[in-house]
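Coordinate analysis (summary)
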Amino acid sequence: MVDAVQLAFGRVLRDRALVDRLAVDPHAVLAELGLDQAARDQLLAHGVNRLIAYNTMVHSRLLRTLREFSPRACSLVRDRLPGLVHDWIAECGPSSLYLREVPGEFLVWARPRWAEAIATGEQPAWLIELFEHELEQRALVRDPRASGQPSPHEVGLERGMLGNPTVRLLHREFAVHRLPATLDPAALPSLERGTLVLAAWRDRNDKARFAPLRARHAALLERLLAGASLRDALFGACAALGETLDDTILGDAAVTLAQWCDDHVLLGAAG
């Protein structure tokens, strides 16, 4: 009986049309869902309105979560967002028990629908990346790992470099990290499409940071984060771009490494 009640309860949470019918004839609807008289009486012991309220509560909580995690992207979708959330819940809904994972699951479902809206010009081309960016920003701030302490070791070509544990490389088509904190849907900025690699990390002040990387710097940082020695990372980055390591590149690398250490992307030399 418990399984039947749970299944019925799940249907009521997902299906708005079922909720509308439930308000008219609750016993008939619950019987249709496979519940016997005793189960129906138990489920309706506190009245049908409480059962209906759960549908509203669940939909409202998930909608609020999306707006909390990605306020700017959700502001662009505006009054269409509640309908999308209802459709998502009716079709599949979240599988995770954790609210922090709900926005990512919603995006998987919404992506092809937003892609259509983007293709028709209904939404800006960077809507999906903005949603991803806001989720990444929140994930960085809430990453349980410490951002690390500076290394006491001296930097050397045969040594690797310690990375801030929260640092990661992101690949983007639009510079959504440069968008203003508040967006006006009636006057959206135009972002040029391109190929961007960003370093993303949480700094000493627990702030999410994003910095665009030139191609060689991205190749260098990727190798250092993977554990390569500074020598191997330098040669590997140059080889990946068809360049020859020379004094100019070495000088540029020295300045870049110092900047990364100042910004807390890197923590210094590995032991």
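One structure accompanies this document, and this report is about it.

On to the overall build of the protein chain, then. Looking only at helices and strands, one finds 12 helices and 5 strands in the protein chain. Relative to the 2.2 N^0.38 estimate, which gives 18 Å for 271 residues, the radius of gyration of the protein chain is 25 Å and therefore markedly larger than a compact globule would have. When its C-alpha atoms are laid out on the principal axes, the protein chain stretches across 85 × 45 × 30 Å. Taking all contacts inside the protein chain whose residues are at least 6 apart in sequence as the whole, residues at least 24 apart take part in 64%. Total accessible area on the protein chain is roughly 14700 Å²; 53% of this is exposed by carbon and sulfur atoms. Averaged over its 31 positive side-chain charges, the protein chain has a centre that lies 4 Å from the centre of its 35 negative ones.

Now for the packing of aromatic side chains. Scanning the model with the defined rule gives 5 aromatic pairs in all. Ring centres of Phe 106 and Trp 114 lie 5.8 Å apart, and the angle between their planes is 75°; on these two criteria the pair is classed as edge-to-face. Summarising the burial analysis for this pair, Phe 106 and Trp 114 share the class buried. Ring-pair connections join several aromatic residues into one group, and the members of that group are Trp 88, Phe 106, Trp 109, Trp 114 and Phe 131. Sitting over the ring of Tyr 98, Arg 100 keeps its end group 4.5 Å from the ring centre. The aromatic ring of Trp 109 is capped on one face by Arg 113, whose charged end is 3.8 Å from the ring centroid.

To continue, consider the side chain of Arg 40. Tracing the chain through its elements places Arg 40 in helix α4 (residues 37-43). For Arg 40, which is buried and forms no salt bridge, the nearest opposite charge comes from Asp 41, at a distance of 6.0 Å. Look past the residues within four positions of Arg 40 in its chain and what remains in contact with it is His 27, Leu 30, Ala 31 and Leu 35.

What follows deals with the packing of helix α10 (residues 215-225) against helix α12 (residues 247-263). Two elements in contact, α10 and α12, have axes separated by 11 Å at closest approach and are oriented at 60°. Viewed along their axes, α10 and α12 form a crossing whose handedness is right-handed. Touching Arg 216, His 217, Leu 220, Leu 221 and Leu 224 of α10 are Ile 249, Asp 252, Ala 253, Thr 256, Leu 257 and Trp 260, all from α12. The residue makeup of the contact of α10 with α12, split by class, is 7 nonpolar, 2 polar and 2 charged.

Let us now look at the pattern of salt bridges. On inspection of all chains with the given rule, the structure shows 17 salt bridges. Among the ionic pairs, Glu 136 bridges to Arg 168, the shortest N-O distance being 2.5 Å. Of this pair, Glu 136 sits in helix α9 (residues 127-142) while Arg 168 sits in strand β2 (residues 168-172); the two residues are 32 residues apart in sequence, bridging distant segments of the chain. Given the relative accessible area of 22%, Arg 168 is considered partly exposed. When the shortest N-O distance is used, the salt bridge between Glu 243 and Arg 216 registers 2.8 Å. A residue pair is termed long-range when its members are at least 10 positions apart, and Glu 243 in the loop between α11 (230-240) and α12 and Arg 216 in helix α10 qualify at 27 residues. Look at Glu 243 and you get partly exposed, because its relative accessible area is 30%.

Moving on: helix α2 (residues 16-24). Every buried residue of α2 is listed here: Leu 18, Val 19 and Leu 22. The buried residues of α2 occupy one face: seen down the axis, they fall within an arc of 100°.

As a further point, take the nonpolar core. By size, the foremost hydrophobic cluster in this structure holds 31 residues, and its most contacted members are Phe 106, Trp 114, Trp 126 and Phe 131. If you list the elements that add at least two residues to this core, you get α5 (48-69), α6 (71-77), α7 (81-91), α8 (102-119) and α9. Element by element, the count of residues in this core is highest for α8, at 7 residues. Residues in contact with Phe 131, not counting those within four places in the same chain, are Leu 66, Ser 70, Ala 73, Cys 74, Pro 103, Phe 106, Leu 107 and Trp 114. The next biggest cluster of nonpolar side chains, apart from the first, holds 20 residues, and it includes Leu 213, Ala 218, Ala 219 and Val 265.

Okay, the sheet that holds β2 next. Spatially, the 3 strands line up as an open sheet ordered β2-β3-β4, and their pairing is antiparallel. One side of each edge strand has no neighbouring strand; the edge strands of this open sheet are β2 and β4 (208-212). Each neighbouring strand pair of the sheet contributes to a mean axis angle of 30°, computed without reference to strand direction. Pairing analysis gives 5 bridges linking strand β3 (residues 196-202) to β4, with the strands arranged antiparallel. Its bridge partner lying in β4, Ala 199 is registered against Ala 211.

Cut-offs applied
- Residues numbered from 1 in each chain as written.
- Predicted model: local features only at pLDDT ≥ 70, side-chain atom pairs only at ≥ 80, totals over all residues.
- Heavy atoms only, no water.
- Helix = DSSP H or I, 4+ residues; strand = E, 2+ residues; numbered from the N terminus.
- Rg over C-alpha atoms; globule rule 2.2 N^0.38 Å.
- Contact = heavy atoms within 4.5 Å.
- Areas by Shrake-Rupley, 256 points an atom, 1.4 Å probe, with all protein chains shown as cover.
- Lys, Arg positive; Asp, Glu negative; His and termini not counted.
- Charge placed at Lys NZ, Arg CZ, Asp CG, Glu CD.
- Phe/Tyr/Trp six-rings, centres within 6.5 Å; stacked < 30°, edge-to-face > 60°.
- Buried < 20%, exposed > 50% of the residue type's maximum accessible area, 1.4 Å probe, protein only.
- Lys NZ or Arg CZ within 6 Å of the ring centre and 35° of its normal.
- Salt bridge = Lys/Arg side-chain N within 4 Å of Asp/Glu carboxyl O.
- Axes fitted to C-alpha atoms, helices over the stretch in contact; angles between N-to-C directions.
- Left-handed = near helix turned anticlockwise from the far one by under 90°.
- Nonpolar A, V, L, I, M, F, W, Y, C, P; charged D, E, K, R; others polar.
- Arc of directions from axis to C-beta.
- Core = buried A, V, L, I, M, F, W, Y, C linked by side-chain atoms within 4.5 Å.
- Pairing = 2+ DSSP bridges.

Bear in mind that shape data such as this cannot, by itself, settle questions of function.
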